[in-house]
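Take a look at the letters that make up each chain.
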Amino acid sequence: MTATAERTYTSDEMMSVAAARALSGGQKVFVGIGLPSTAANLARRTHADDLVLIYESGTLGSKPTRLPASIGDGILADTADAVISVPEVFNYWLQPGRIDVGFLGAAQLDKFGNINTTVIGTDYADPKVRLPGAGGAPEIAASCHEVYVVVRQSKRSFVDQVDFITSFGHGRGKGEREKLGLPGAGPTLVITDLGVMRPDPETAELVLTQIHEGVTVEQVREATGWDLKVAPELGTTPAPTEAELAALRALKAAR
Ligand SMILES: CC(=O)SCCNC(=O)CCNC(=O)[C@H](O)C(C)(C)COP(=O)(O)OP(=O)(O)OC[C@H]1O[C@@H](n2cnc3c(N)ncnc32)[C@H](O)[C@@H]1OP(=O)(O)O
Ligand SMILES: O=C(O)/C=C/CC(=O)O
């Protein structure tokens, strides 16, 4: 019998590495602050140094030497190829379809990839939790060619229906984005600390297509607030490499 090797990374690290791997060289990525920003910067430091990071403050091609604290962090402007105004980044870059991937976080996500970062609870005026709000995320979700969501998975965050739609995913199913005239494809990938989900091409409902190494389907289903469908050919995300972990830890430690 072989002893099980002790895992040398956390599930958050696995999530950041899996999300970074989803980005490839040369893509223009509209980066949301928080988990997506960590993963996008990791991708630049590992396999995709020509990734173009765009932050909402109007910084194009930022190459921050540490994680930005917010979209207004000066490190983004200091290291950018160009800095334009906020209306310009929305009107000239995002809305005309110049951005490949919108990389967003969520407090709640539902089975059709709708994102809530506004309130928990159904009474907007008297919520159980008031979240950070929308910022530019609804526009990002509307107009990027694709949206990738990075979010920790639990019954609290993965719900059948979000309490509030901040950023439109696929509404209540396939075709709803087209009806609303939203130009982008919406969420095509959801990366969590447990696995990866993609919308079913027929229904747009999220389906588990990949589990991270060491995670079971049962664990993912336990952390999901609906009856999660599983792809017949389920993939496994390889564990982070030493190089990926070293780059991630250096990025998080940089000041
Ligand atoms: C381009 C742009 O970036 S546009 C900006 C728009 N804003 C965003 O996109 C934000 C996206 N991120 C989120 O929504 C995140 O879930 C955040 C910011 C709310 C919280 O993320 P984190 O800082 O990682 O904290 P964490 O997940 O531990 O939650 C912190 C607290 O928020 C509250 N909270 C977060 N998610 C939930 C939820 N689904 N249900 C209830 N409470 C929640 C809780 O009070 C929680 O504290 P607790 O775990 O002790 O109960
Ligand atoms: O206002 C927004 O859209 C985004 C805010 C995120 C941040 O302040 O870093």
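Now for a look at the structure at hand. The written sequence of each chain sets the order in which its residues are numbered from 1. All chains are assigned letters beginning at A, and all ligands numbers beginning at 1, according to the order in which they are written. For a predicted model such as this one, the threshold for reporting local features is a pLDDT of at least 70, and the threshold for listing and counting side-chain atom pairs is 80 or more; totals across whole chains, interfaces and linings nevertheless cover every residue. The side-chain figures draw on all heavy atoms in the structure; neither hydrogens nor water molecules are used.

Brief notes about the sheet that holds strand 13 (residues 195-199)
Across the sheet, ten strands lie side by side as 4-3-2-1-5-10-12-13-14-15; this open sheet has mixed pairing. Each edge of the sheet is formed by a strand with only one pairing partner; in this case those strands are strand 4 (82-83) and strand 15 (229-237). Note on pairing: two strands pair once DSSP finds at least 2 bridges between them. By the criteria applied, helices consist of DSSP H or I runs no shorter than four residues and strands consist of E runs no shorter than two, each listed in order from the N terminus. By the bridge criterion, three bridges tie strand 1 (residues 28-31) to strand 2 (residues 52-55) in an arrangement that is parallel. Pairing of Lys 28 across the sheet is with Val 52, part of strand 2. Contact definition: two residues touch when any of their heavy atoms are within 4.5 Å. Between N-to-C directions, angles span 0 to 180 degrees; the directions come from axes that are lines fitted to C-alpha atoms, helices contributing only their stretch in contact. Sheet contacts for helix 4 (residues 86-94): strand 1, strand 2 and strand 3 (59-60); angle to strand 1, the most-contacted strand, approximately 145 degrees.

Structural notes on the site of ligand 2
Surveying the vicinity of ligand 2 reveals the residues Ile 33, Glu 56, Ser 70, Ile 71, Gly 135 and Gly 136. In the analysis that follows, any N or O atom pair within 3.5 Å is treated as a polar contact, provided that within protein one partner can donate a hydrogen and the other can accept it, and provided that, for residues neighboring in sequence, both atoms belong to side chains. Taking Gly 136, its main chain carries an N or O atom lying 2.8 Å from an oxygen atom of ligand 2. Counted by class, the shell around ligand 2 contains two nonpolar, three polar and one charged residues. Nearness here has a simple test: a residue counts as near a molecule or strand if at least one of its heavy atoms is within 4 Å of that partner. Classification used: nonpolar for Ala, Val, Leu, Ile, Met, Phe, Trp, Tyr, Cys and Pro, charged for Asp, Glu, Lys and Arg, polar for all others including Gly.

Focus: the nonpolar core
Only buried residues count toward a nonpolar core. Its members are Ala, Val, Leu, Ile, Met, Phe, Trp, Tyr and Cys residues joined through side-chain atoms within 4.5 Å. Each residue gets one of three labels from its accessible area relative to the maximum for its type: buried under 20%, exposed over 50%, partly exposed in between, using a 1.4 Å probe on protein chains only. Leu 23, Val 29, Leu 42, Leu 51, Phe 103 and Tyr 148 are the most contacted members of the largest nonpolar core, which has 31 residues in total. If you tally residues by element for this core, the top one is helix 1 (residues 11-21), at six residues. The residues touching Leu 42, leaving out its near neighbours within four places in the chain, are Ser 16, Val 17, Ala 20, Glu 244, Ala 247, Leu 248 and Leu 251. Membership of the second largest hydrophobic core comes to 30 residues, among which are Ile 84, Ile 115, Cys 144 and Val 215.

A look at the side chain of Thr 209
Along the chain, the position of Thr 209 falls in strand 14 (residues 206-212). The exposure class of Thr 209 is buried, given its relative accessible area of 18%. Ignoring any residue separated from it by four or fewer positions in sequence, one finds Thr 209 in contact with Val 196, Met 197, Arg 198, Ala 231, Glu 233, Leu 234 and Gly 235.

Some remarks on the site of ligand 1
Around ligand 1, the surrounding shell holds 19 residues, and the nearest of these are Ile 33, Glu 56, Ala 107, Arg 152 and Arg 156. With respect to ligand 1, the backbone of Ala 107 contributes an N or O atom lying 2.9 Å from a nitrogen atom. Within the side chain of Arg 152, an N or O atom sits 3.1 Å from an oxygen atom of ligand 1. Isolated, ligand 1 exposes 970 Å² of accessible area, and the fraction of that covered by the protein chains is 60%. When the residues that make up the shell around ligand 1 are grouped by side-chain class, the tally is ten nonpolar, six polar and three charged. Surface accessibility in these figures is a Shrake-Rupley result with a 1.4 Å probe; residues are shielded only by whichever protein chains are displayed.

With respect to helix 8 (residues 242-253)
Multiplying 1.5 Å by the residue count of a helix minus one yields the expected span of that helix. End to end, helix 8 covers 16 Å across twelve residues, agreeing with the expected 16 Å (1.5 Å per residue, within 8%). Along helix 8, the residues classified as buried are Glu 244, Leu 245, Ala 247, Leu 248 and Leu 251. Looking straight down helix 8, one finds its buried side chains confined to an arc of 165 degrees; they lie on one side. Every exposed residue of helix 8 that faces more than 90 degrees away from the buried side is listed here: Glu 242, Ala 243 and Ala 253. For helix 8, the secondary structure elements touched by its buried residues are helix 1 and helix 2 (35-45). Here, the arc refers to the directions that run from the helix axis to the C-beta atoms.

Structural measurements only, silent on function.
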